[in-house]
Amino acid sequence: MSKLFPSTYKTASKLDYFYDQPGVSPGQLSLDKDAAPAVLSVIDYDLTTCQQHQLNRPDEAQHYRDSELVSWLDLSSLGNDETWQSLSQTFGLHKMLVEDVVNVPQRPKIEHYEGQLLILAWMVVPAAKGFHKEQVSLILGRRYLLTVQEEPDRDCFQQVRERIERGRGIIRSQGPDYLAYCLLDAIVDGFFPVLEYYGELIEELEDEVMLRPTKQTLEKIYRIRRELLTLRRAIWPQRDAINQLMRDGSDLISPEVVVYLRDCYDHAVQVMDMVETYRELAAGLMDVYLSSVSNKMNEVMKLLTVISSIFIPLTFIAGVYGMNFSPEKSPLNMPELAWYWGYPACLSLMGVTATSLVIFFAKRGWFKSSI
């Protein structure tokens, strides 16, 4: 690591944010020493031209900093220290800006620097089970937009790239501020497919909780609540950051783009409402699960109580006539033991008693939910 950007140790907290060790000077970076240099892809365009390049070294991007065309430079991964040494010199990046970009994840926010605007956002992409989350950094300049992603080949910007390549819409006639809006809007809209997955999952769990609740059901509900909490931590500050960008403004963002940012803000509010709704449904599922388990236990106890109530008098009869008192010693010593029909009479008494109790319990409706 160089002296300009020495490495610092990072610790993960329970809220998925990272913090420095106490006393560490600001502007230090946390980068993998063995990381390979990041690939820098460039899309250079205007109303009539669209060119795509791939740079092997970040210092080759000097041409695109002051280009007459709009330049979108996309860094596919965080890279290593040499990458950021070169980018910092090429684009004049402040060391605090670089720290926010490299030391991931940071809270979504807006930071103003001289001649540059930093937008930090969290992007979610649907995965096999749930979603993948990573930080995306947008560095807006006069004629360029530099984006930095944590991992390559996993973003939601493909439609924006196609719009630029094919000249769809007005994106080729606008500046880099409109491009930043398009990417930010794509990030916010990327929450909707993920939330649709959780909406369907919650509907399935509602049936499972009511009909066949198991321990695995409880684990599913708990996992959904944790993942929805992660989505909430991602979209809440993101919504506030967009609102701050509209309210405070910037000389790098035109008034026309601010109007588009309002629509992006509305989408963020809608995502936030959906996340809160699904969190309430998940919390309700937890209550329903506990109620279902409790009701199931009550039904089992009720059935066992009914069975015990039927056999208690039978056990009493069998216990009375199981006593070893000889009627030959005294006429008071259970004279029924000497009856010719004593045994059938005893069985008949037990049968009549059990039948009477079953009829009595059935008339009171105790068997409707138990059997």
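Model, not experiment: these values are computed from the prediction.

Novice: Give me the packing of helix 6 (residues 191–211) against helix 8 (residues 255–320): which residues, what numbers.
Specialist: Two elements in contact, helix 6 and helix 8, have axes separated by 10 Å at closest approach and are oriented at 15°. It follows that helix 6 is roughly parallel to helix 8 by the angle criterion. Crossing angle aside, the handedness with which helix 6 passes helix 8 is left-handed. Between helix 6, through Phe-191, Phe-192, Leu-195, Gly-199, Ile-202, Leu-205, Glu-206, Val-209 and Met-210, and helix 8, the contact on the second element is made entirely by His-267, Gln-270, Val-271, Met-274, Val-275, Tyr-278, Leu-281, Leu-285, Val-288, Tyr-289 and Ser-292. Looking at side-chain class alone, the contact of helix 6 with helix 8 contains 15 nonpolar, four polar and one charged residues.

Novice: Describe unusual backbone geometry, listing the residues and the values that go with them.
Specialist: That bond from Val-104 to Pro-105 is cis: its omega, -5°, falls within 30 degrees of zero. Tracing the sequence through the fold places Pro-105 in the loop between helix 3 (95–102) and strand 6 (109–113).

Novice: Account for the sheet that holds strand 9 (residues 144–149), with residues named and values stated.
Specialist: Spatially, 4-3-5-9-8-7-6 is the arrangement adopted by the seven strands of the open sheet, whose pairing is mixed. Every interior strand has two partners, whereas the edge strands, strand 4 (50–55) and strand 6, have only one. Each adjacent strand pair in this sheet contributes to an overall mean axis angle of 20°, direction not counted. In terms of strand pairing, strand 3 (residues 40–45) meets strand 5 (residues 70–75) through six bridges, oriented antiparallel. What sits directly across from Val-42, in strand 5, is Leu-73.

Novice: Any details on the nonpolar core? Residues and values, ideally.
Specialist: Grouped together as the largest cluster of nonpolar side chains are 64 residues, with contacts concentrated most on Val-160, Leu-179 and Leu-231. For this core, the element with the highest residue contribution is helix 8, accounting for 13 residues. Every residue in contact with Leu-179, bar those within four places of it in the chain, is listed here: Tyr-45, Trp-72, Leu-145, Val-160, Ile-164 and Ile-171. By size, the runner-up hydrophobic cluster in this structure holds 25 residues, among which are Leu-73, Leu-120, Tyr-144 and Val-148.

Novice: Give a description of the environment of Thr-353 that names residues and reports values.
Specialist: Here Thr-353 lies in helix 9 (residues 342–363). Along the sequence, Thr-353 and Ile-317 sit 36 residues apart, while their C-alpha atoms lie 9.9 Å from each other. A distance of 2.8 Å separates a polar side-chain atom of Thr-353 from the backbone oxygen of Leu-349.

Novice: An account of the packing of aromatic side chains is needed here, citing residue identities and associated values.
Specialist: The tally for this structure, following the rule as stated, stands at seven aromatic pairs. Note on Trp-72 and Phe-157: the rings are 6.3 Å apart at their centroids and 70° apart in plane angle, and the pair reads as edge-to-face. Here Phe-157 lies in the loop between strand 9 and helix 4 (158–166) and Trp-72 lies in strand 5, a separation of 85 residues in the sequence. For Trp-72, a relative accessible area of 2% puts it in the buried group. Looking at Phe-157, the relative accessible area reads 0%, which means it is buried. Ring geometry for Phe-131 against Tyr-198: centres 6.3 Å apart, planes inclined by 65°, an arrangement best described as edge-to-face.

Novice: Provide a residue-level description of the confidence of the model for the protein chain, including the pertinent values.
Specialist: In the predicted model, the protein chain carries a mean pLDDT of 83, and 89% of its residues have values of at least 70. Throughout residues 1–15 the model reports pLDDT below 50, and contacts reaching past four residues in sequence, or to other chains, amount to 42 contacts.

Novice: I'd like to hear about helix 9, residue by residue, with values.
Specialist: In this model, helix 9 (22 residues) spans 32 Å end to end at C-alpha, consistent with the 32 Å of a helix rising 1.5 Å per residue. Within helix 9, burial applies to Gly-342, Cys-346, Met-350, Thr-353, Ala-354 and Phe-361. Taken around the axis of helix 9, the buried residues stretch over an arc of 110°, which confines them to a single face. Away from its buried face, by an angle of more than 90 degrees, helix 9 presents the exposed residues Val-352 and Lys-363.

Novice: For the pattern of salt bridges, give the residues involved together with the corresponding values.
Specialist: Across all of its chains, the model carries 12 salt bridges by this definition. The partner of Glu-60 in a salt bridge is Arg-57, and the shortest N-O contact between them spans 3.4 Å. Given a relative accessible area of 30%, Glu-60 falls into the partly exposed group. Using a relative accessible area of 46% as the deciding quantity, one classes Arg-57 as partly exposed. Note that Arg-232 is salt-bridged to Glu-276, the shortest N-O span being 2.5 Å. Taken together, the positions of Arg-232 in helix 7 (residues 215–248) and Glu-276 in helix 8 put the pair 44 residues apart, joining distant regions of the chain. One network of salt bridges, in which partners are shared, links Asp-74, Asp-155 and Arg-161.

Novice: Tell me about the side chain of Asp-177, residues and numbers included.
Specialist: Position of Asp-177 relative to the elements: it lies in helix 5 (residues 176–189). Buried within the structure, Asp-177 lacks any salt-bridge partner; Arg-143 is the closest side chain of opposite charge, at an N-O distance of 7.6 Å. Setting aside its immediate chain neighbours within four residues, Asp-177 contacts Leu-140, Leu-252, Ile-253, Ser-254 and Val-257.

Novice: Describe a negative patch on the surface, listing the residues and the values that go with them.
Specialist: A surface patch of like charges, here negative, comprises Glu-196, Glu-200, Glu-203, Glu-204, Glu-206 and Asp-207. Within the secondary structure, Glu-206 sits in helix 6.

Novice: Please provide a residue-by-residue account of the packing of helix 8 against helix 9, values included.
Specialist: Here helix 8 crosses helix 9 at 155°, and the two axes come no closer than 10 Å. Classed by the angle they form, the pair helix 8 and helix 9 counts as roughly antiparallel. Judged by the sense of rotation from one axis to the other, the crossing of helix 8 with helix 9 is right-handed. Contact with helix 8, carried on its side by Val-306, Ser-309, Ile-310, Pro-313, Leu-314 and Ile-317, involves Cys-346, Leu-349, Met-350, Thr-353, Ala-354, Leu-357, Val-358 and Phe-361 of helix 9 and no other residues of that element. Across the contact of helix 8 with helix 9, the residue classes break down as 12 nonpolar, two polar and no charged.

The rules we used
- Residues numbered from 1 in each chain as written.
- Predicted model: local features only at pLDDT ≥ 70, side-chain atom pairs only at ≥ 80, totals over all residues.
- Heavy atoms only, no water.
- Axes fitted to C-alpha atoms, helices over the stretch in contact; angles between N-to-C directions.
- Helix = DSSP H or I, 4+ residues; strand = E, 2+ residues; numbered from the N terminus.
- Parallel < 35°, antiparallel > 145°, perpendicular 65-115°, else oblique.
- Left-handed = near helix turned anticlockwise from the far one by under 90°.
- Contact = heavy atoms within 4.5 Å.
- Nonpolar A, V, L, I, M, F, W, Y, C, P; charged D, E, K, R; others polar.
- Pairing = 2+ DSSP bridges.
- Core = buried A, V, L, I, M, F, W, Y, C linked by side-chain atoms within 4.5 Å.
- Buried < 20%, exposed > 50% of the residue type's maximum accessible area, 1.4 Å probe, protein only.
- Polar contact = N/O pair within 3.5 Å; in protein donor to acceptor, adjacent residues only side chain to side chain.
- Phe/Tyr/Trp six-rings, centres within 6.5 Å; stacked < 30°, edge-to-face > 60°.
- pLDDT = per-residue confidence, 0-100.
- Expected span 1.5 Å × (residues − 1).
- Arc of directions from axis to C-beta.
- Salt bridge = Lys/Arg side-chain N within 4 Å of Asp/Glu carboxyl O.
- Lys, Arg positive; Asp, Glu negative; His and termini not counted.
- Patch = residues over 30% accessible without salt bridge, like charges linked within 9 Å, V, L, I, M, F, W, Y side chains within 5 Å.
- Areas by Shrake-Rupley, 256 points an atom, 1.4 Å probe, with all protein chains shown as cover.
- Charge placed at Lys NZ, Arg CZ, Asp CG, Glu CD.

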